[in-house]
Protein chains: 2
Amino acid sequence: MTASSAPDSHPSASAEGWARQVRDGDRRAASRLIRALEDDEPGARAVLSALVKDGARPRVIGITGPAGAGKSTLVDALVAFHRARGEKVGVVAVDPSSPFSGGAVLGDRIRMQRHATDAGVFVRSLATRGAVGGLARAAWDAAAVLGAAGFPIVYLETTGAGQADVDVAAVADLVAVVCVPGLGDDVQTLKAGILEIADVLVVNKGDREGAERTVHELEAMVALRHGVSSTTDPVFVMKTTASTGEGVAALAEAFGGLVQAAAEGPAALRRGLRARALLLDALAFEARKRAALLLDADPQRGGLVASVAARDRDPVSAARELLDRLLRGDTISG
Amino acid sequence: MTASSAPDSHPSASAEGWARQVRDGDRRAASRLIRALEDDEPGARAVLSALVKDGARPRVIGITGPAGAGKSTLVDALVAFHRARGEKVGVVAVDPSSPFSGGAVLGDRIRMQRHATDAGVFVRSLATRGAVGGLARAAWDAAAVLGAAGFPIVYLETTGAGQADVDVAAVADLVAVVCVPGLGDDVQTLKAGILEIADVLVVNKGDREGAERTVHELEAMVALRHGVSSTTDPVFVMKTTASTGEGVAALAEAFGGLVQAAAEGPAALRRGLRARALLLDALAFEARKRAALLLDADPQRGGLVASVAARDRDPVSAARELLDRLLRGDTISG
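Computed from a prediction, not measured in an experiment: that's the story for all the values here.

How each quantity is defined
- Residues numbered from 1 in each chain as written.
- Chains lettered and ligands numbered in written order.
- Predicted model: local features only at pLDDT ≥ 70, side-chain atom pairs only at ≥ 80, totals over all residues.
- Heavy atoms only, no water.
- Helix = DSSP H or I, 4+ residues; strand = E, 2+ residues; numbered from the N terminus.
- Buried < 20%, exposed > 50% of the residue type's maximum accessible area, 1.4 Å probe, protein only.
- Polar contact = N/O pair within 3.5 Å; in protein donor to acceptor, adjacent residues only side chain to side chain.
- Expected span 1.5 Å × (residues − 1).
- Pairing = 2+ DSSP bridges.
- Axes fitted to C-alpha atoms, helices over the stretch in contact; angles between N-to-C directions.
- Contact = heavy atoms within 4.5 Å.
- Least-squares fit on C-alpha atoms with pLDDT ≥ 70 in both.
- Salt bridge = Lys/Arg side-chain N within 4 Å of Asp/Glu carboxyl O.
- Parallel < 35°, antiparallel > 145°, perpendicular 65-115°, else oblique.
- Left-handed = near helix turned anticlockwise from the far one by under 90°.
- Nonpolar A, V, L, I, M, F, W, Y, C, P; charged D, E, K, R; others polar.
- Buried area = accessible area lost by both parts, 1.4 Å probe.

Caption draft 1: Quick look at the side chain of R325 of chain A. Residue and element names in this part refer to chain A. Within the secondary structure, R325 is located in helix α12 (residues 315-327). Taking relative accessible area as the criterion, R325 reaches 18% and is therefore assigned buried. There is a polar contact of 2.3 Å between the side chain of R325 and the side chain of E321.

Right, dumping it as structure tokens:
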């Protein structure tokens, strides 16, 4: 492991060296690459492409679910499990902070204290305020960098803030939705929104009263869905008590087996749908950026903004005109 | 007011008739147009464009802020104020429902019971699950239709779920952020996320202890910001007690005055920035849609999705390739 980080002066010239540093396990080089990708620094994307092309692909497990389900404790217990087996493990913690609450930013400092001095654990928090599209791609990038840096298992944890979690979870190979016993009517709402992305449903805090009943309710729900659509199954229901470690080893081993199994069948289909959404989101992000350059470069284009601001044009027809201009080649190299 | 709705068979041929029905105040035609715009039905956009071109532009006031601030009660009181003056008023209630909570969908049925039989009030709920970009444009469209249908004042209320509210509020001419007394440390977080979009800060539940102090804290914060950046001010701080109606008339009148004043100065700048963001969001939405058509039409393109799913390609570089193909004219008419 080298202590040097990539030189700032010639990012493209040093791309190969930077990639090598990351592959050699240089944590500073890896951290700097993740940040450079977030900031869209010139050259950073080429480094990632090189790493992705010949680097090891990490197994990425998304851990999502409502606030209070114990996701952080569960991830902590999973990390402890892998470390006990001598496996290196990465954690990407994503906090799509609410503009109202200010968001409980999961700083690297306050998280994972237990593993803070362990060179076999790499924790990285992402908290890009607001830019959900940006968060999902930042999470993909961070997981890929961690994989290339020698952390073959990466847990991708979200904070349960809502739709953003679903988007971010789409980055994972496998998504576990964590919930707690006693959902009651919430099983119905869980069904509506979350089952689409879940490969595993985890009933955490399994020592609480009603845990078994919740497991059975979820299993019944999953079985019911299986009758309706064979593309969305199988979804496994598992029970853990993260605070004591109960059920954590079984869960971690199930993840491993499921990633293997996910090479085909419904899980592969689900992964393909997630990749499609991720690709399209990234495309929308890029198109927005290029259109913004076009708007800013040409004062005449400002007329479109003004007409929308004055309610003389509806934003959709104005956007279609702008996109047509972009498509006609009236473009600025992005 | 006619009871007939637009024929389904020849939407483009009936565009003029449909627009006329809306302008004549036909509520069913207006509701149907809002739904058709949400569903992107062929022809609906042309009807809206016609209405926008020669119809009256509504004054749209965004009411946003954290859950529990009393936004619905405040909107209800504002509606009562306008009705007492004989003014017709529309309400667009937006619920970017959380996939975890299932979202407290603000059904037209359960809201605004007080005004349910009043022909001078038009309430419309939008709850497009997940599609935030879609919600903002749907809100813009709904407000424009209500304006054309003879409701010159439209309140656009969001549920305080987070970033989505900020995006949706961008549709308004003027944004009021509602909060409650005793924010304490939250003033700092409010500052960070919300002040950027607020034209008015409303301290609701003004009869609670500490209301005056919260008003003064917010005023001090606003004054401090004014020193830092002249483009983000003035932001007004007002106090209401929506449950008793106290301060509501003053607030409604302030809205009216501010919309007039907003023709120039910092408020106009803020509105321009909002329109720009709305236009770019709509563009990203369109680009995503066209790229999805491209992916679906050509099986060869599926290779991009598969390579992202297999982690052989990072989504950003794959998206750039896809966008370049789109820009090279490899397009399908959207």
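Caption draft 2: Layout of helix α12 (residues 315-327) of chain B. The end-to-end C-alpha separation of α12 of chain B is 18 Å, in line with the 18 Å expected for 13 residues at 1.5 Å each. Those residues of α12 of chain B not exposed but buried are P315, V316, S317, A318, A319, R320, L322, L323, R325, L326 and L327 of chain B.

Caption draft 3: Highlighting the sheet that holds strand β4 (residues 153-158) of chain B. Residue and element names in this part refer to chain B. With respect to topology, 7 strands assemble into an open sheet ordered β3-β2-β4-β1-β5-β6-β7, the strand pairing being parallel. At either end of the open sheet lies a strand with only one pairing partner, and these are β3 (121-126) and β7 (236-239). Averaged over all pairs of adjacent strands, the angle between their axes in this sheet comes to 20°, without regard to strand direction. Alignment of strand β6 (residues 200-203) against β7, held across 4 bridges, turns out to be parallel. In the strand pairing of β7, V203 is matched with K239. Helix α4 (residues 71-84) rests against β1 (59-64), β2 (89-94), β3, β4, β5 (174-179) and β6 of the sheet, and its axis sits at about 170° to β4.

Caption draft 4: The relation of the copies chain B and chain A, seen in detail. After a rotation of 180° and a shift along the axis of 0.0 Å, chain B superposes on chain A with an RMSD of 0.0 Å. Viewed as a symmetry operation, the transformation between the two copies matches a two-fold axis. When the interface residues of chain B are mapped onto chain A, 100% of them again fall at the interface, so both copies present the same face.

Caption draft 5: Structural view of the pattern of salt bridges. Evaluated as defined, the whole model comprises 42 salt bridges over all chains. Notably, a salt bridge pairs R57 of chain A with D312 of chain B, separated by 2.8 Å at the nearest N-O pair. A residue pair is termed interchain when its members come from two chains, as with R57 of chain A in the loop between α3 (44-54) and β1 (59-64) and D312 of chain B in the loop between α11 (302-309) and α12. By relative accessible area, D312 of chain B is classed as partly exposed at 40%. R45 of chain B is the partner of D314 of chain A in a salt bridge, and the nearest nitrogen-oxygen pair spans 2.6 Å.

Caption draft 6: Inspection of the sheet that holds strand β6 (residues 200-203) of chain A at higher detail. All names here are of chain A. Strand order in the open sheet formed by 7 strands is β3-β2-β4-β1-β5-β6-β7, with parallel pairing between adjacent strands. The strands lining the two open edges of the sheet, one partner per strand, are β3 (121-126) and β7 (236-239). Within this sheet the neighbouring strands show an average axis-to-axis angle of 20°, counted without direction. Examined bridge by bridge, strand β5 (residues 174-179) and β6 share 4 bridges and lie parallel to one another. Bridge pairing links V177 to L201 in β6.

Caption draft 7: Representation of the packing of helix α2 (residues 27-38) of chain A against α3 of chain A within the structure. All names here are of chain A. Relative orientation of the contacting elements α2 and α3 amounts to 125°, with a least axis distance of 9 Å. As judged from the angle between their axes, α2 and α3 are oblique. Judged by the twist between their axes, the crossing of α2 over α3 is left-handed. Residues L33, A36 and L37 of α2 pack against A44, R45, V47, L48 and L51 of α3. Partitioned by chemical class, the residues of the contact of α2 with α3 number 7 nonpolar, no polar and 1 charged.

Caption draft 8: Just the interface of chain B and chain A, in detail. Listed by partner, the interface residues are 74 residues for chain B and 74 residues for chain A. Together, the buried faces of chain B and chain A total about 6500 Å²; carbon and sulfur atoms form 66% of this surface. For the interface between chain B and chain A, the tally reads 16 salt bridges. For R320 of chain A, the salt bridge identified is with E286 of chain B, shortest N-O distance 3.1 Å.

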